[in-house]
Amino acid sequence: MGSRSRGGGGRLLLLFLLSLLLLQWSVVSAAGGGGSGEPYVGVTIGTAVTNLLSPSDLAEFLRAQRITHVRLYDADPRLLSALASSGARAVVGAPNDGLLALGSSPATASAWVARRVLPYAGANSSSPGLITAIAVGDEVPTALPSALPVLLPAIQSLAAALAAANLSSIPVSTPLPFSVVLDPFPPSQAFFNQSLAKSFLLPLLSHLANTSAPLMLNLYPYYSMMQSNGVIPLDNALFKPLPPSLEMVDPNTLLHYTNVFDAMLDAVQVAVKNLNVTGGGVPVLVTETGWPSYGDRKAEPYATRDNADAYNSNLIKHVSDKPGTPMRPGAQASVYIYELFNEDLRPGPVSEANWGLFHGNGTPVYLLHVSGTGGVLANDTTDRTFCIASDDADEKAVQAAMDWACGPGRTDCTAIQPGQGCYEPNDVRSHASYAFDSYYQLQGKAAGSCYFQGVGMVTTTDPSHDSCIFPGSKLLSNVTKSDGANTTTSQTSDAEGSAIWRLRTGRETGFLFLLRWLLSLMVVFIITNSNFWT
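Rules used throughout
- Residues numbered from 1 in each chain as written.
- Predicted model: local features only at pLDDT ≥ 70, side-chain atom pairs only at ≥ 80, totals over all residues.
- Heavy atoms only, no water.
- Helix = DSSP H or I, 4+ residues; strand = E, 2+ residues; numbered from the N terminus.
- Buried < 20%, exposed > 50% of the residue type's maximum accessible area, 1.4 Å probe, protein only.
- Contact = heavy atoms within 4.5 Å.
- Areas by Shrake-Rupley, 256 points an atom, 1.4 Å probe, with all protein chains shown as cover.
- Disulfide = S-S within 2.5 Å.
- Pairing = 2+ DSSP bridges.
- Right-handed = clockwise from strand over helix to strand, strands pointing away.

Colleague: Sorry, what's going on with the overall build of the protein chain here?
Modeller: A count of helical and extended segments in the protein chain gives 17 helices and 17 strands. Residue burial in the protein chain is summarised as follows: out of 534 residues, 54% are buried. Long-range pairs, those at least 24 residues apart, make up 70% of the contacts in the protein chain with a sequence separation of at least 6. Carbon and sulfur atoms provide 56% of the accessible area of the protein chain, an area that totals close to 22,700 Å².

Given below as structure tokens:
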């Protein structure tokens, strides 16, 4: 992520304020979507979403959020046509179920390129820079091991078809799971799974080196921490500073690792080096990484919004700073955050449906904190706080505290009654969080007003969701649709709410726009003079 100047000057301030009006946070590349090779942060887009935005609306949403790098798991012509006008650049996928045909027939690969790539990347297309890479399959060694024999032939056939179409500048690779690396901690002792090393990985890496294609990896510190049985500290997985005594030190290299992400990348580099790959180095592209915002409280206790916010915010800062890794300083890998939307239709553990930055309706799941990167503009800060029920608190104690808040505490708990906006999800902690925040805000966030006998906790992440707006949220206004019906907007910043509203209705009167603009100027002035984290 490229850094932007925060210097003074009336024109610069005006431009900054106008950008805040359009949106309050965005994911952009380090080079603004250019091809300079600068590291960037992109997002993946899954489609297992109820009422997924239409291709044209999705392209408009990406443009509004200034998301300029995306990874698609297919090469859907409708979506690619829509993206052509959004300014985004896309890694497109050839799904696992098509590997057999692509790997066994060069003619099929040529036809796939002609149909899925040429219209959007060829010299005669209207968007020659739209497709930046092709990801063949996804985690095939673990997801579909029976297709492994045809994976490299499929990659080679697609690369040959692109070269024949004068598109050899589009690299072809395959996203691998990090599990192909064994014994990754400490990084200096890592090696590839021996059953895959010589038969598949060495030929693959040699092909990638010879075609200047990256090694694509799906890399999740979340799972590494969960599987470490307490060996990896949570803060180390979240990029949070640790005391030197708690930092991971590789005993063989004496290199210090301040975060798990860098350690995993260096483990991959060591594993590649151990194979003596010919043809030069192989850069790494992290095609998936992220953190779930919700999960089963017992099986997935670290899947919380605060942790997801911390991981993704700190990841963006990390890529923006371009430090590289201890073994490769300055060689910073680009990453794709998994994922844009919560895929509520995905089966499996609770967390599977909760990796998104946004809900399917376009409202943010949580608000990123990325001070100073210039790429993602934070619209939340530590002086904007909420009170919620602690995740690890006893449920009976939470229920008792909620009963007090809604009774003797004189808190308005109407919103959590059946049929009201915050009734769902219908569970004690969700209802208690609303009641706690109501009391906390009513008391002016006074010291001790979020204690609730130890079951309350203060957070900087807005717990509002869908149509449920918590009392501490800054956006409690109604917007009037053209048919006269009043609809309460979801939680966003004032600026972002304006952008989302325009996306949904397709219209905004000049007076309302001017009013929102003036209000945004006032908010920014107040925030700027309160050390707002931007």
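Colleague: Explain the state of the cysteines to me, please; I cannot follow it from the model alone.
Modeller: In a disulfide, the sulfur atoms of two cysteines are covalently bonded to one another. The final tally for this structure, using the stated rule, is three disulfides. Each disulfide pairs two cysteine sulfurs, and for Cys406 the partner residue is Cys413, the sulfurs being separated by 1.9 Å. Looking along the S-S bond of the Cys406-Cys413 disulfide, the torsion reads about -90°, which is the left-handed sense. Judged by its relative accessible area of 7%, Cys413 falls in the buried class. One disulfide bridge connects Cys422 with Cys468, the sulfur atoms lying 1.9 Å from each other. One quick way to see it: the torsion about the S-S bond of Cys422 and Cys468 is about 100°, and its sign makes the bridge right-handed. With a gap of 46 residues between them, Cys422 in the loop between helix H14 (395-406) and helix H15 (428-442) and Cys468 in the loop between strand S15 (456-459) and strand S16 (478-480) connect regions that are remote in the sequence. There is no split in this pair, since Cys422 and Cys468 are both buried. Sequence-ordered numbering of the bonded cysteines in the protein chain gives a pairing of 1-5, 2-3, 4-6.

Colleague: Looking at this model, I keep getting lost on the pairing of strand S9 (residues 215-218). Mind explaining?
Modeller: Along any regular strand, the residues point their side chains to alternate faces of the sheet. Burial along S9 is two-sided: the residues Leu215 and Leu217 and Met216 and Asn218 are all buried. Sheet topology places S9 next to strand S12 (residues 284-289); four bridges connect them, and they run parallel. Note on S12: the bridge partner recorded for Asn218 is Glu288.

Colleague: Whenever I open this one, the pairing of strand S1 (residues 41-45) confuses me. Can you help?
Modeller: Counting buried positions along S1 gives five out of five residues, so the element sits mostly inside the fold. Side chains of S1 alternate between two faces, with Val41, Val43 and Ile45 and Gly42 and Thr44 buried alike. In this structure, S1 lies alongside strand S13 (residues 335-337), joined through three bridges in parallel fashion. When the bridges of S13 are listed, Val41 appears paired with Val335. With respect to chirality, the unit in which S1 leads through helix H2 (residues 55-65) into the neighbouring parallel strand S2 (residues 69-72) is right-handed.

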